[in-house]
Protein chains: 2
Amino acid sequence: MTTASRTARERVRAELIKEITDIARRHLSTEGAAGLSLRAVAREMGMVSSAIYRYFPTKDDLLTALIIDAYNAIGDAVEQADAGCARDDFTGRWLAMARSIRQWALAHPHEYALIHGTPVPGYQAPADTVDPASRDGVMFGRLIADAHAAGAITLPQDTRAPVGFHDDAEALREAIFVGVPDEVILRGLHAWTWMYGAVSFELFGMYNNVISERAATFEHGALSLAHYIGLT
Amino acid sequence: MTTASRTARERVRAELIKEITDIARRHLSTEGAAGLSLRAVAREMGMVSSAIYRYFPTKDDLLTALIIDAYNAIGDAVEQADAGCARDDFTGRWLAMARSIRQWALAHPHEYALIHGTPVPGYQAPADTVDPASRDGVMFGRLIADAHAAGAITLPQDTRAPVGFHDDAEALREAIFVGVPDEVILRGLHAWTWMYGAVSFELFGMYNNVISERAATFEHGALSLAHYIGLT
DNA sequence: AAAAAACGAGAGCACTGCTCTTGACGACAT
DNA sequence: ATGTCGTCAAGAGCAGTGCTCTCGTTTTTT
């Protein structure tokens, strides 16, 4: 199996796969996930509809590819945002991460919806999506761990994480929230939840006729929730 | 126009409409919104597919009916939860509301997804959806207003609502958050956002392999965010 | 009793995801 | 250089969808 000869065919195959996903992503960004049609993609490529099944045996497979790409795009955005901050500016890093996710979502609403919208019934996320899917969360967890290690988090005293959460916290401390107490982890998850909730609310129209100053109120929420977590 | 004579036809029409929406809701709860098919509903009713268009001229109209029903179901749940609390137990009322929404969502996941999931591209929510859609939020706003009027909210000092939000706050104070300062309104909206974010995260699988004690952590979040709002 | 409106049935259009078969082309070892 | 084998595009076809139009029939209105 000479690599060069095999590459001949595999190269055009890889190119076609890329072209398909690119066209599909473009269709996605105009028609939404439901309006994505394999036949339409094939048509635009000058292919007959059946030919496309050589590359994506089912529509779900195409969607999976787009989903993985979207997760990675978010992961990239978050990592880049985090990298642009001073390591010990923990609140700044959190704000930068939150901002980057909101910005990406506003720029790619349909791809965001693909990830954080209604799960397609019957669609089971394949195993190769879970790593890309957790990149942003891992970054956030590391930030909390960094802040806690630096003594930049004062443990909130007005609530206590439920005992049932302790096992979950143990697992999370394993690799992500290293050394972080239960209550702080849980508050971190709540803040994380708020952030995606806010982005989804804004994108899905729940703030229509309620909030017009979207960016500023998002910023306010992120900052006030930083205090909620205990970030000083 | 004798009411009795006109009712003859209109009564069976109303019954058919109810039967259609009931069947549609059942299909929705098993196949999800995407899998809802007018033809399948008609088939189950022993109707020919074209006949159903006499009652719902388009699939979107059927979905709209289901959406309104879902909004009203949430509104009912929240109102009932609130009514079961002592008027001056503000934190308890908030917890009851949050719980009721989570419970309803867990019991009707697909209907919930219809409302808080990906908006269908091209679907424009008709005017008669906005009133049912805002029932839960209005209840929440009234609660905050009640609590503030009773002096049960201590204005948080670590952040200040952005000036751009002031106009929004003014409008919200008009009928819902009567007398509530900007910062408290905004924190209320953030808490509200967290709550729906948490329900969506739980329902859409984002807490898989992260949080197993769902009810307890939700409770913790609701309580800690009550403090975040300033509820004493 | 006559006119108007509402209705169910059926055929049909354009579209979808997906399958199967057929014939051509390219890569491979002999 | 030849024959074999896997890959590929193409086409026809199936079952399903939303939706439209027409045509008798029934019910309501006038």
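Note that the structure is predicted; figures quoted are calculated from it, not measured.

Parameters at a glance
- Residues numbered from 1 in each chain as written.
- Chains lettered and ligands numbered in written order.
- Predicted model: local features only at pLDDT ≥ 70, side-chain atom pairs only at ≥ 80, totals over all residues.
- Heavy atoms only, no water.
- Domains from an automatic or database assignment.
- Contact = heavy atoms within 4.5 Å.
- Buried area = accessible area lost by both parts, 1.4 Å probe.
- Salt bridge = Lys/Arg side-chain N within 4 Å of Asp/Glu carboxyl O.
- Nonpolar A, V, L, I, M, F, W, Y, C, P; charged D, E, K, R; others polar.
- Helix = DSSP H or I, 4+ residues; strand = E, 2+ residues; numbered from the N terminus.
- Buried < 20%, exposed > 50% of the residue type's maximum accessible area, 1.4 Å probe, protein only.
- Polar contact = N/O pair within 3.5 Å; in protein donor to acceptor, adjacent residues only side chain to side chain.
- UniProt positions renumbered as here; feature names shortened; annotations may be inferred.

**What to know about the domain arrangement of chain A**
Residue and element names in this part refer to chain A. Assigned domains of chain A: these are domain 1 (1-57) and domain 2 (60-229). Placing a centre on the C-alpha atoms of domain 1 and another on those of domain 2 gives a separation of 32 Å. Taken together, the contact pairs 13 residues of domain 1 with nine residues of domain 2. For domain 1, the biggest contributors to the area lost against domain 2 are R25, L28 and F56; these three give 48% of the whole. Taken together, domain 1 and domain 2 are joined by one salt bridge. For R25, the salt bridge is made with D69, and the minimal N-O distance between the two is 3.2 Å. Tallied by class, the residues present in the side of domain 1 that touches domain 2 amount to eight nonpolar, four polar and one charged.

**Quick word on the side chain of A:R187**
Among the structural elements, A:R187 can be located in helix 8 (residues 182-203). Assessed through its relative accessible area of 3%, A:R187 is described here as buried. At 2.9 Å, the side chain of A:R187 forms a polar contact with the backbone oxygen of A:Y228. Discounting chain neighbours no more than four positions away, the residues touching A:R187 are A:P156, A:D158, A:T159, A:Y228, A:I229, B:H220 and B:S224.

**Focus: the UniProt feature "DNA-binding region" (unreviewed entry) in chain A**
As recorded in UniProt, the sites labelled "DNA-binding region" (unreviewed entry) are residues 37-56 of chain A. From the first C-alpha to the last, residues 37-56 of chain A spans 12 Å; its make-up is 35% helix and 0% strand.

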